[in-house]
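Working through the structure, step by step
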Amino acid sequence: MKWERLDRAAVEAQLAELAGWTLNDASSSISKTFTFLNFIEAFGFMTEAAITAEKLNHHPEWFNVYSRVDVTLNTHDAGGLTELDFKLAKAMEKAAARRLG
Ligand SMILES: C[C@H](O)[C@H](O)[C@H]1CNC2=NC(N)=NC(=O)C2=N1
C-alpha cells in the first residue's frame, strides 16, 4: 500500500495525540527519547517494537545506550511523515507504558 505524506495540519493533529514526541526539520520526521530502568527493559521495548515494525513493514531509526532509546520515525518512501509513522509511534507508546508503569 502506498501511504501519502501528511500535511502540516494532519501532522499537528496526530502529534496532539502523543506525549513527548517532537517534530523535526521541515516536518519530515518525529522523535522521542524513551528512558527505562535498565538495559533489559530498554531492549525488551525494542524487541516488542521490532515485531510491530516488521508486521507494519515500517521500521524505526533508533539509537540505544544502556537504558535509553532515541527513536526517529519517518517514511522514506514518502519523503516525510505518513499515518504509518503514527501507527508505529502509538504502538511504541503502549510498549513503553507497559515497562514504565
Ligand atoms: C521495500 C520495503 O518494503 C520498504 O523499503 C519499506 C521498509 N520499511 C520502511 N520503513 C520506513 N520507516 N520507511 C519506509 O519507507 C520503509 N519502507
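Preceding block: the structure.
Now for a quick tour of the structure. (Residues numbered from 1 in each chain as written. Predicted model: local features only at pLDDT ≥ 70, side-chain atom pairs only at ≥ 80, totals over all residues.)

Focus on the overall build of the protein
Along the protein, the regular secondary structure elements total three helices and four strands. Written out in order from the N terminus, the α and β elements of the protein read α-β-β-α-β-β-α. Here the C-alpha atoms of the protein give a radius of gyration of 13 Å, agreeing with the 13 Å that 2.2 N^0.38 yields for 101 residues. By principal-axis analysis of the C-alpha atoms, the protein measures approximately 35 × 25 × 20 Å. Taken across its 101 residues, the protein has 26% of its residues classed as buried. Sequence-distant contacts, at least 24 apart, represent 64% of the contacts inside the protein between residues at least 6 apart. (Helix = DSSP H or I, 4+ residues; strand = E, 2+ residues; numbered from the N terminus. Rg over C-alpha atoms; globule rule 2.2 N^0.38 Å. Buried ≥ 20, exposed ≤ 12 C-beta atoms within 10 Å, placed from the backbone. Contact = placed C-beta atoms within 7 Å.)

With respect to the site of the ligand
Surrounding the ligand, one finds N57, H58, H59, T75, H76 and D77. Its residues assigned to classes, the shell around the ligand shows no nonpolar, five polar and one charged. (Near = placed C-beta within 6 Å. Nonpolar A, V, L, I, M, F, W, Y, C, P; charged D, E, K, R; others polar.)

Structural notes on the sheet that holds strand 2 (residues 30-35)
The strand order across the open sheet formed by four strands is 1-2-4-3, and the pairing between neighbours is antiparallel. At either end of the open sheet lies a strand with only one pairing partner, and these are strand 1 (22-23) and strand 3 (61-65). Examined bridge by bridge, strand 2 and strand 4 (residues 68-73) share six bridges and lie antiparallel to one another. Within strand 4, the residue paired with T33 across the bridge is D70. Lying over the sheet, helix 2 (residues 39-56) contacts strand 2, strand 3 and strand 4, oriented at roughly 25 degrees with respect to strand 4. (Pairing = 2+ DSSP bridges. Axes fitted to C-alpha atoms, helices over the stretch in contact; angles between N-to-C directions.)

Observations concerning the environment of K2
Structurally, K2 is set in the segment before helix 1 (8-15). C-alpha separation for the pair K2 and T82, spaced 80 residues apart in sequence, amounts to 9.8 Å.

Points about the nonpolar core
Residues F34, F45, V69, A89 and M92 are the most contacted members of the largest nonpolar core, which totals 19 residues. Only strand 2, helix 2, strand 4 and helix 3 (83-100) provide two or more residues apiece to this core. For this core, the leading source of residues is helix 3, giving six residues. Setting aside anything within four residues of it in sequence, one finds F34 in contact with F45, V69, V71 and A96. (Core = buried A, V, L, I, M, F, W, Y, C linked by C-beta atoms within 7 Å.)

Observations concerning unusual backbone geometry
With a phi angle near 50 degrees, N57 is a residue other than glycine that sits in the positive phi range. Structurally, the position occupied by N57 is in the loop between helix 2 and strand 3. Take N57: there are 8 C-beta atoms within 10 Å of it, and that puts it in the exposed class.

Brief notes about the environment of I30
With respect to the secondary-structure elements, I30 resides in strand 2. With 42 residues separating them along the chain, I30 and T72 place their C-alpha atoms 5.6 Å apart. Apart from the residues within four sequence positions on either side, I30 is in contact with W21, T22, L23, N24, L73, L81, D85 and A89.

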